[in-house]
Amino acid sequence: MLLVEDLAVEVGDRLILKHIDLEIKPGETHILFGPNGSGKTSLLMAIMGYPNYRITAGRIIFRSVDITHLPIDERAKMGIGMSYQRPPTIHGLKTRQLVQICAKGGDDIEEMAARLNVDKFLDRDVNAGLSGGEIKRSELLQLMAQNPDLLLFDEPESGVDLENIALVGEAIATLLEKEKMPRNTRPMAEAKRDRTKMGLIITHTGFILDYVPADKGYVLYDGVLSCSGNPSEILNWISDCGYEECARCAMKAN
Amino acid sequence: MRDESELIKRATKAIHKKAPFGKDVHLEDFDAATVVHSYLADADLCELPETEQERLLLAGVDPAQEKRGGTYFQKDTAVVHCSMKEEGIEVIPIRQALEHHEWVRDYYWKLVSVDADKYTAAAKLNLHDGYVIRARPGVKSIYPVQACLFIEKEGLQQNVHNIVIAEEDSELHIITGCTTAAHVKTGLHVGVSEFFIKKNAKVSFTMIHNWADDMLVRPRSVAVVEEGGLYLNNYVSMKPVRSMQMYPTTHLLGPNATARYYSIVVSSPGSEHDVGGRVHLSAEGTRAEIVSRVISNGGDIISRGHMIGEVPGVKGHLECRGLLLNGGLIKAIPELEGRVDGVEMSHEAAVGKIAQEEISYLMSRGLNEDEATSTIVRGFLSVDIEGLPDELKGEIDRAIEASDRDVM
Ligand SMILES: Nc1ncnc2c1ncn2[C@@H]1O[C@H](COP(=O)(O)OP(=O)(O)O)[C@@H](O)[C@H]1O
Ligand SMILES: [Mg+2]
């Protein structure tokens, strides 16, 4: 379980996030909406443990351990993983090598890469000269090799072209153990009970909801979680009224 | 013989001439007298003390001579081993060559000016030895020839002159390892090298430096490449050295000739490197690339590059990346000189620290901070060198791996 309690995060001298409360139970996937600059990426970075996203109040509990001040690699070892919106380029390190690092030697990298349609750039430098969509698929490949228990996705579908969007959606569903099962193979209740992966997905389009059934949605507005509820419902509100409506809620929350 | 007296005359005039780059070395601080060492047969090479063999291996020189097309081994001032293993590839000590082969005179001091500075003058006036390596026309070597310039005597000045000739359509690979015995702290190495790459010939020259803390090193190298020829020059220096200065120069004289330089330098506290490459693109269709990766681990590095485009349509690219790991200084000085319209030359230079974001990114994939840092550094140092035999790629990788621990 991931528990975020009354979290405040500063970047530089600026308070970016305040009073953030979240609870993701094993098997659950939550969706994070919000306008540009509202602090969505910052929240994921703070959960992942980036030191420049300074936690000034509150705490983060993962699997009953207070990880608020743990370094990134220890969080990764505990099973937290992230697919980035804009990951850095690493010259001289091949994508294949990085995926091997993620997989700790196991796994069939070729097969996973083919599935995500990234086999062509396994031998290129990490993120060098990749398009937005290619970067997202490469990120998913790394997560697939890493196989974490809590997965943070930062706009995994943005920049992905139509041809690849289904495989991105399906890959995320697989990672979160939410892929569509052929009917009657197992009782639904059983599949749900065995599910342990937790997900937190940032999306603008909500496209991902077509592939990944989500349990809860939030709107982050100006650093505050201003609204929570059924993700599809929230998405409809946003498309009908825009984020303006959230501003009003945010004011109430403050 | 008139040539010879003329050379001596010019050299004599230059014995005090300072070089334009690098700190001035006082030659009188070093002993350039001959040191006697006995010759080593093939089997003797493998009987060298273990510490010495290790030093050789680190510099890319294999005492067992496996997968080598020939070996030249100079200890201090003496040639202790010289052998060739491939048909059509000659390896001859230069003093012997000058004595017995008149043709060597056609190459000797034809590219490097004998009066360039006091170091070239010293290499003329008190030549210890060096190698002449020649690939006969059409001969394509399978394995690299290895050459080792070894300093065993503390405080020695070692004067070396090398000549490399690749006849038409030949292919020649050379790895030169420069190193000292483990106990040696200081010394001066002067190395003059002249490369003749004839029509459609291909030469790769890989130099691995593994000097000692207080060594001073002054290589002087010039190459000419004729039509369709290729010259690959690779330089790796990962160990401390007091002062190293070189500016190897290539003249692309024939149409479609190509030169590519790659250098990888790590400079530790107390070390000074002033290294660069210069290429004259003097014929139609010539191409040049100069790539360097330098890391300061506390030492000072000046990384130069200079391309001179002399005819329209030539292409060149200069790339210098520097990484500051632990203080120190890196100065990148790329120079592009177009002398006519229609030359196409570009450069990119970047000097900085490792981005924290890159370290964090790898940490989120499970590496700890040290592992993430060394992964990034190794990536930074890895350059894909097209056209280099796997054997030599392996040697470069090994040199980088071996010093990985020191760099961190
Ligand atoms: N590393 C950073 N340095 C400076 N400002 C930042 C940094 N990261 C985020 N910010 C600022 O914090 C705010 C929230 O950014 P971000 O979390 O990226 O929003 P979102 O992902 O919702 O678009 C923005 O105003 C952004 O400019
Ligand atoms: Mg964002």
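Everything below is about the structure shown above.
Residues numbered from 1 in each chain as written. Chains lettered and ligands numbered in written order. Predicted model: local features only at pLDDT ≥ 70, side-chain atom pairs only at ≥ 80, totals over all residues. Heavy atoms only, no water.

K.L.:
What is the right way to read a nonpolar patch on the surface from this model?
P.N.:
On the surface, a cluster of nonpolar side chains totalling about 210 Å² of accessible area is made up of Ile8(B), Ile15(B) and Leu125(B). Among the structural elements, Ile8(B) can be located in helix H1 (residues 2–13). (Patch = residues over 30% accessible without salt bridge, like charges linked within 9 Å, V, L, I, M, F, W, Y side chains within 5 Å. Areas by Shrake-Rupley, 256 points an atom, 1.4 Å probe, with all protein chains shown as cover. Salt bridge = Lys/Arg side-chain N within 4 Å of Asp/Glu carboxyl O. Helix = DSSP H or I, 4+ residues; strand = E, 2+ residues; numbered from the N terminus.)

K.L.:
Whenever I open this one, the site of ligand 1 confuses me. Can you help?
P.N.:
All names here are of chain A. If you check the shell around ligand 1, you find Val11, Arg14, Ile16, Pro35, Asn36, Gly37, Ser38, Gly39, Lys40, Thr41, Ser42 and Tyr53 and nothing else. Taking arginine 14, its side chain carries an N or O atom lying 3.1 Å from an oxygen atom of ligand 1. Between glycine 39 and ligand 1, the recorded distance is 3.0 Å, taken from a backbone N or O atom to an oxygen atom. When ligand 1 sits alone it has 550 Å² of accessible area, and the protein chains cover 65% of it. Within the residue set of the shell around ligand 1, elements represented by two or more residues are strand E2 (14–24) and helix H1 (40–48). Here the shell around ligand 1 takes three residues from H1, the largest share from any one element. Residues of the shell around ligand 1, tallied by class, amount to four nonpolar, six polar and two charged. (Near = heavy atom within 4 Å. Polar contact = N/O pair within 3.5 Å; in protein donor to acceptor, adjacent residues only side chain to side chain. Nonpolar A, V, L, I, M, F, W, Y, C, P; charged D, E, K, R; others polar.)

K.L.:
Can you walk me through the coordination of the magnesium ion (ligand 2) in this structure?
P.N.:
Geometry sets the ideal angles at a metal, namely 109.5 degrees for four tetrahedral donors and 90 or 180 degrees for six octahedral donors. All names here are of chain A. Note on the magnesium ion (ligand 2): its protein donors are Thr41 (OG1) and Gln85 (OE1). The metal-donor distances range over 2.0 to 2.4 Å. Here glutamine 85 lies in the loop between strand E6 (80–83) and strand E7 (90–94) and threonine 41 lies in helix H1, a separation of 44 residues in the sequence. For threonine 41, a relative accessible area of 26% corresponds to the partly exposed category. By relative accessible area, which is 18% here, glutamine 85 ends up buried. (Donors = N, O, S within 2.8 Å, 3.2 Å for Na, K, Ca; no water. Buried < 20%, exposed > 50% of the residue type's maximum accessible area, 1.4 Å probe, protein only.)

K.L.:
Teacher, can you tell me more about the interface of chain A and chain B here?
P.N.:
By a widely used convention, the size of an interface equals the accessible area lost when the partners come together. With 29 residues of chain A at the contact, the number on the chain B side is 18 residues. Around 1800 Å² of area is buried between chain A and chain B when both sides are counted, 61% of it from carbon and sulfur atoms. Note that Arg365(B) is salt-bridged to Glu139(A), the shortest N-O span being 2.8 Å. Looking at the side of chain A that touches chain B, the elements with two or more residues in it are helix H2 (72–78), E6, E7, helix H3 (95–103) and helix H5 (132–146) of chain A. (Contact = heavy atoms within 4.5 Å. Buried area = accessible area lost by both parts, 1.4 Å probe.)

K.L.:
Where do I start with the pairing of strand E6 (residues 157–166) of chain B in this structure?
P.N.:
Within a regular beta strand, the side chains point alternately toward one face of the sheet and then the other, so they alternate between its two faces. Residue and element names in this part refer to chain B. A large share of E6 lies buried, amounting to 10 of its 10 residues. In E6, alternate side chains face the same way, and those of Gln157, Asn159, His161, Ile163 and Ile165 on one face and Gln158, Val160, Asn162, Val164 and Ala166 on the other are all buried. When strand E4 (residues 131–135) meets E6, the two strands line up parallel, connected through four bridges. Bridge pairing links isoleucine 133 to valine 164 in E6. Relative to strand E8 (residues 186–197), E6 runs parallel, the two sharing 10 bridges. Looking at E8, one finds that alanine 166 is bridged to isoleucine 197. (Pairing = 2+ DSSP bridges.)

K.L.:
Help me understand the environment of Ala399(B) in this model?
P.N.:
All names here are of chain B. Counting through the fold element by element, alanine 399 comes out in helix H8 (residues 390–407). Once the C-alpha coordinates of alanine 399 and valine 236 are considered, the two residues, 163 residues apart in sequence, prove to be 7.7 Å apart. Apart from the residues within four sequence positions on either side, alanine 399 is in contact with Leu58, Ile208, Val236 and Met238.

K.L.:
What is the right way to read the sheet that holds strand E4 (residues 53–62) of chain A from this model?
P.N.:
Backbone hydrogen bonds are what pair the strands of a sheet, in a parallel or an antiparallel way. All names here are of chain A. Reading across from one edge, E2-E1-E4-E5 is the order of the four strands in this open sheet, with antiparallel pairing throughout. A single partner strand is all that each edge strand has here, and the edge strands are E2 and strand E5 (65–66). As defined by bridge partners, strand E1 (residues 2–11) adjoins E2 across seven bridges and the pair is classed as antiparallel. Residue pairing across strands places valine 4 opposite leucine 22, the latter belonging to E2.

K.L.:
Help me understand H5(A) in this model?
P.N.:
Side chains three or four residues apart in an α-helix point the same way, a direct result of the helix having 3.6 residues per turn. Residues and elements named next belong to chain A. Taking 1.5 Å of rise per residue, the 15 residues of H5 would be expected to cover 21 Å, and the 21 Å separating its terminal C-alpha atoms lies within 8% of that figure. With 13 of 15 residues buried, H5 lies mostly within the body of the structure. Note on H5: the residue one or two positions beyond its end, asparagine 147, has a positive phi of about 50°. (Expected span 1.5 Å × (residues − 1).)

K.L.:
How do you make sense of the environment of Asn368(B) when you look at a structure like this?
P.N.:
Checked against the element boundaries, Asn368(B) lands in the loop between helix H6 (356–363) and helix H7 (369–381). Judged by relative accessible area, Asn368(B) falls into the partly exposed class, the value being 27%. Leaving out residues up to four positions away in the same chain, Asn368(B) has contacts with Asp73(A), Lys77(A) and Met363(B). From its side chain, Asn368(B) meets the backbone nitrogen of Glu371(B) in a polar contact 2.8 Å long.

K.L.:
Just checking my understanding: could you explain the sheet that holds strand E11 (residues 216–221) of chain A for this structure?
P.N.:
All names here are of chain A. Reading across the sheet, the six strands line up as E6-E9-E10-E3-E11-E12 and stay open at both edges, with mixed pairing between neighbours. Each having just a single partner strand, E6 and strand E12 (224–229) make up the two edges of the open sheet. Neighbouring strand axes in the sheet, compared pairwise and without regard to direction, differ in orientation by 20° on average. Alignment of strand E3 (residues 29–33) against strand E10 (residues 198–202), held across four bridges, turns out to be parallel. Within E10, the position partnered with threonine 29 by the bridge is glycine 199. Strands E3, E6, strand E9 (150–154), E10 and E11 of the sheet are contacted by H1, whose axis makes an angle of about 150° with E9. Packing against the sheet, H5 makes contact with E6 and E9, and its axis sits at approximately 165° to E6. (Axes fitted to C-alpha atoms, helices over the stretch in contact; angles between N-to-C directions.)

Geometric descriptors of this kind do not, in isolation, establish any biological role.
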